[in-house]
Amino acid sequence: MTEEQRSGGDSVSAMPENGSPERPKNQLMRFDSKLSLLIILAALHIGVTWFAVYPGYLLVDEAFYHWMVRDFSATGGLEIWNGYKELPSPELGHRHLPVHGGRLVAQWPYLFPVLALPFYRIWGYYGLFLANSLSFLLMVVLCYASARQIFRDKDLAANSCFIFVLATFAWEYSQAAWPQTTSGLFIMAAFYFSVRSFHGTASRDILISAAASGFIAGFAPGVRMDAFLAYPAFLFPFLFARPWRPREALVWTAAALPGLAVLSATNYAKFGDFSPFSYGHGAGTGVPYYLITAGVLFLFAAWLWTRPVCRDFLNSRRWIAALAALGIVVAVVVTPQGRQLAGRVAVNAYVSVVDVRALDSKVQLASMSRSAGGAVIYVDSLKKSLIQSLPYLPLLLIPAVALLRRKEDFAGLCTLFAAPVAVAAHQSYNPHEFGGLCLNFRYFIPALPFLSILCAYALREIKGSWHVLLGLPVDAAILTATAIVFSFLVLRPIVTLEALEIPLLVVPLVMAGLLAALIASGLLFQARWTGPVRHGVWILALVGFTWAGLTAFTYDYIRHSDVREKNYFIADKVLAMLPPDSLFFSFPYLSPRLIDGHRIRIAFPARDAARDLPRLVNFHLKAGRRVFGAFPGPLWKDLKSNKLKRHAIKPVWIFPGGWILCEISLDGSPGNTTR
């Protein structure tokens, strides 16, 4: 492989046009402006995280991550304290807190509590937000560095950062307590060193970078299990290079083993399962081993097909490849298992990527409701699929066609597509409740930096190869007009949820479909009429970026923040009324300060339909502890007439939505509820 091939060639956009010597200087000025704007965005992100974020829970998952960090800080161990050993009960656990060996442990990997420990000891639960905020800023830096390393184009690299920060939903997860952003930092760090190794020229630097990538990648699943889905982006460049590069691949693999071994060892300590994929109740990936085996065999066949000898052999005997493809199709169509699997994957892919309204009406998930038009509703807000969140994604057709035509950036494009394809494939097989309460598909977060770089590549091709450049005033007018239309349709003071389905669920699909059609026309035809079509692609791409950013920041982010703020203040009212060393039956009212330092046992009666509730109540009351619960009014009536008919129930606080905080006592005279 020549040095030019390793570097991916010179950037087209870095060349002067028409021999003008002023072009590089103008580009440098524009890049300096973009760099300054990125620095301003970084400062804004820090300011918002520090001054404007309410550290309340959005989902109960964040409470359990908080538990993990709290107990690791206190004991240096993996066990979760919730009073389980005092009186073992399923209500003191949770599906995310499985019981193994008579103790509670978290299903999630071990590493985030370790990384967040210094932040937690200084700032408490809020420190988890700060850890993710810092990770996000470093992710942006690595996104820029990776894009520049692949394409040798600073302008493209800066544009990829703008897309990632302003036109995706990544920002809001950087101001949260769960570790999607910290996991993303590991993914991007491993990717950067993999790219650096692939494009390196000095043998020593190539091997060191490959080892660094493998070492970081080995620990990445210790933060979040879905980091495994990015592994193709790290390894495929070496395996599918022509000629392939087994030395770098072996170095990468060997360097990844320590991190995977530590993850396996911690899983064995928690669950008795020496596997890096374990969640304590089955494979954490959610994919059976026979499918993993089939995937490995498919990749091996693809690798063979990319080898010159095998490819020449198959090109001269195409009937062999056709016969193999026919065999796969027959296996899927003929066998009931194959048809069922293919149908399920196709439906899940459509729901996750294209239109969330296609979700089967029979699917009932916690806190979810449906509109008459099939929209999925959480917290009185509309959930969106990936394209409904990012309607500009048809821009991916441009790098995809460049990939098929084996243009000079072939290797880099292969690498960038690997992780998004793996994430989408896994989401299609195992949708994980389609991301739950969040208003976007958070399981696509590992793919967002790669998608941003690919879309930035598409913009470069539109401006360069298609010669589309409308100028800053026209671009600003397009962005402004789009913002005005969006504000009128979505941000009006009085607008019904049904009325929002058009701008948030239908318009993005129409936009994406039209953009895909225009791009296909621009790619397939070279006639004179394609000039306006290609300009239309640029205009519609800008509209899509603006629509996506406004949806992410003025709709999703605001509503998620409202939930955090509401939970923060409501749950702190609960905290003010609960004495230390008490028992609290709760869902969903949890306070970060309830978990920190007050030794309050939190029970989840939904775990066993409250069957164990009387036993827990009696045990802790007899031990001299006070007992509280927060339930809807009808449930309190049912408990009083059945399971707690011999107990006194004293209302303490009424929450919005009809939930009531009550104290439960044996003698009918509850103690003073003030601290």
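That block above? That's the structure.
The structure contained in this document is the topic of the report that follows. (Residues numbered from 1 in each chain as written. Predicted model: local features only at pLDDT ≥ 70, side-chain atom pairs only at ≥ 80, totals over all residues. Heavy atoms only, no water.)

1. Quick look at the sheet that holds strand β6 (residues 381-382)
Judged by pairing direction, the sheet is antiparallel, and its three strands sit side by side in the order β4-β5-β6 without closing on themselves. The open sheet is flanked by β4 (369-370) and β6, the only strands paired with a single partner. Bridging between strand β5 (residues 376-378) and β6 involves two bridges; their strand directions are antiparallel. Within the sheet, the bridge partner assigned to Ile377 lies in β6 and is Leu382. (Pairing = 2+ DSSP bridges. Helix = DSSP H or I, 4+ residues; strand = E, 2+ residues; numbered from the N terminus.)

2. A short note on unusual backbone geometry
One non-glycine residue, Arg152, lies in the positive phi region at around 55°. Position of Arg152 among the secondary structure elements: in the loop between α5 (126-151) and α6 (154-166). Given a relative accessible area of 34%, Arg152 falls into the partly exposed group. For Val379, which is not glycine, the phi dihedral falls at a positive 40°. (Buried < 20%, exposed > 50% of the residue type's maximum accessible area, 1.4 Å probe, protein only.)

3. Overview of the packing of helix α17 (residues 397-404) against helix α19 (residues 448-464)
One way to put it is that α17 packs onto α19 with a least axis distance of 8 Å and a crossing angle of 80°. The angle between the axes of α17 and α19 places the two elements in the roughly perpendicular class. Where α17 approaches α19, its residues Ile398, Pro399 and Ala402 are matched on the opposing element by Leu454, Tyr457, Ala458, Glu461 and Ile462. Partitioned by chemical class, the residues of the contact of α17 with α19 number seven nonpolar, no polar and one charged. (Axes fitted to C-alpha atoms, helices over the stretch in contact; angles between N-to-C directions. Parallel < 35°, antiparallel > 145°, perpendicular 65-115°, else oblique. Contact = heavy atoms within 4.5 Å. Nonpolar A, V, L, I, M, F, W, Y, C, P; charged D, E, K, R; others polar.)

4. Side note on the nonpolar core
In this structure, Phe234, Tyr392 and Leu395 are the most contacted members of the largest nonpolar core, which totals 198 residues. Ranked by residue count, the leading element in this core is helix α22 (residues 530-577), at 19 residues. In contact with Phe234, other than residues within four places in its own chain, are Ile187, Ala190, Phe191, Ser194, Ser213, Ala217 and Trp252. (Core = buried A, V, L, I, M, F, W, Y, C linked by side-chain atoms within 4.5 Å.)

5. With respect to the pairing of strand β10 (residues 648-654)
Inspection of the sheet shows β10 paired to strand β11 (residues 659-665) by six bridges, in the antiparallel sense. Across the sheet, the residue bridging to Lys650 is Glu663, located in β11. Linking β10 to β11, which pair antiparallel, is a turn of four residues; within it Gly657 sits at a positive phi near 90°.

6. Things to note about helix α4 (residues 111-123)
With 13 residues, α4 extends 19 Å from end C-alpha to end C-alpha; this agrees with the ideal 18 Å at 1.5 Å per step. A maximum bend of about 55° is found in α4 at Leu117, where proline Pro118 lies one to four positions downstream. Where α4 is concerned, the buried positions are Leu111, Phe112, Pro113, Ala116, Leu117 and Tyr120. Considering only its buried residues, α4 is in contact with α3 (60-75), α5, α8 (180-198) and α9 (203-219). At the exit of α4 stands Gly124, carrying a positive phi of roughly 70°. (Expected span 1.5 Å × (residues − 1). Bend = angle between axes of the 7 residues up to and from the residue.)

7. A closer look at the sheet that holds strand β7 (residues 583-585)
One open sheet holds the five strands; their spatial order is β8-β7-β9-β11-β10, and the pairing between them is mixed. Each edge of the open sheet carries a strand with a single partner, namely β8 (601-603) and β10. Averaged over neighbouring strand pairs, the angle between their axes works out to 25° when direction is ignored. Strand direction decides the pairing type here: β7 and β8, joined by three bridges, are parallel. Following the sheet pairing, Phe585 is matched in β8 by Ala603. Contacting β7, β9 (627-632), β10 and β11, α22 runs over the sheet at an angle of about 135° to β10.

8. Here we look at helix α10 (residues 231-239)
Where burial is concerned, most of α10 is hidden: seven out of the nine residues are buried. The set of residues buried in α10 consists of Tyr231, Pro232, Ala233, Phe234, Leu235, Pro237 and Phe238. At its buried positions, α10 is contacted by α8, α9, α11 (246-271), α18 (410-429) and α19.

9. Looking at the state of the cysteines
Following the criterion strictly, the structure yields zero disulfides and no others. Left unpaired, Cys161 is separated from the closest cysteine sulfur, that of Cys143, by 4.6 Å. (Disulfide = S-S within 2.5 Å.)

10. Remarks on the pattern of salt bridges
Taken as a whole, this structure holds 20 salt bridges when the rule is applied. For Arg601, the salt bridge goes to Glu86, with nearest N and O atoms at 2.7 Å. Taken together, the positions of Arg601 in strand β8 and Glu86 in the loop between β1 (79-80) and β2 (99-100) put the pair 515 residues apart, joining distant regions of the chain. Judged by its relative accessible area of 1%, Arg601 falls in the buried class. Residue class for Glu86 comes out partly exposed when judged on its relative accessible area of 26%. Between Glu86 and Arg625 there is a salt bridge, and its shortest N-O distance comes to 3.9 Å. Taken together, the residues span a long stretch of sequence, with Glu86 in the loop between β1 and β2 and Arg625 in the loop between α24 (613-622) and β9 at a distance of 539 residues. Residue Arg625 is classed as buried on the basis of its relative accessible area, which comes to 17%. Salt bridges here are not isolated pairs; linked through shared partners, they connect Glu86, Asp581, Arg601 and Arg625. (Salt bridge = Lys/Arg side-chain N within 4 Å of Asp/Glu carboxyl O.)

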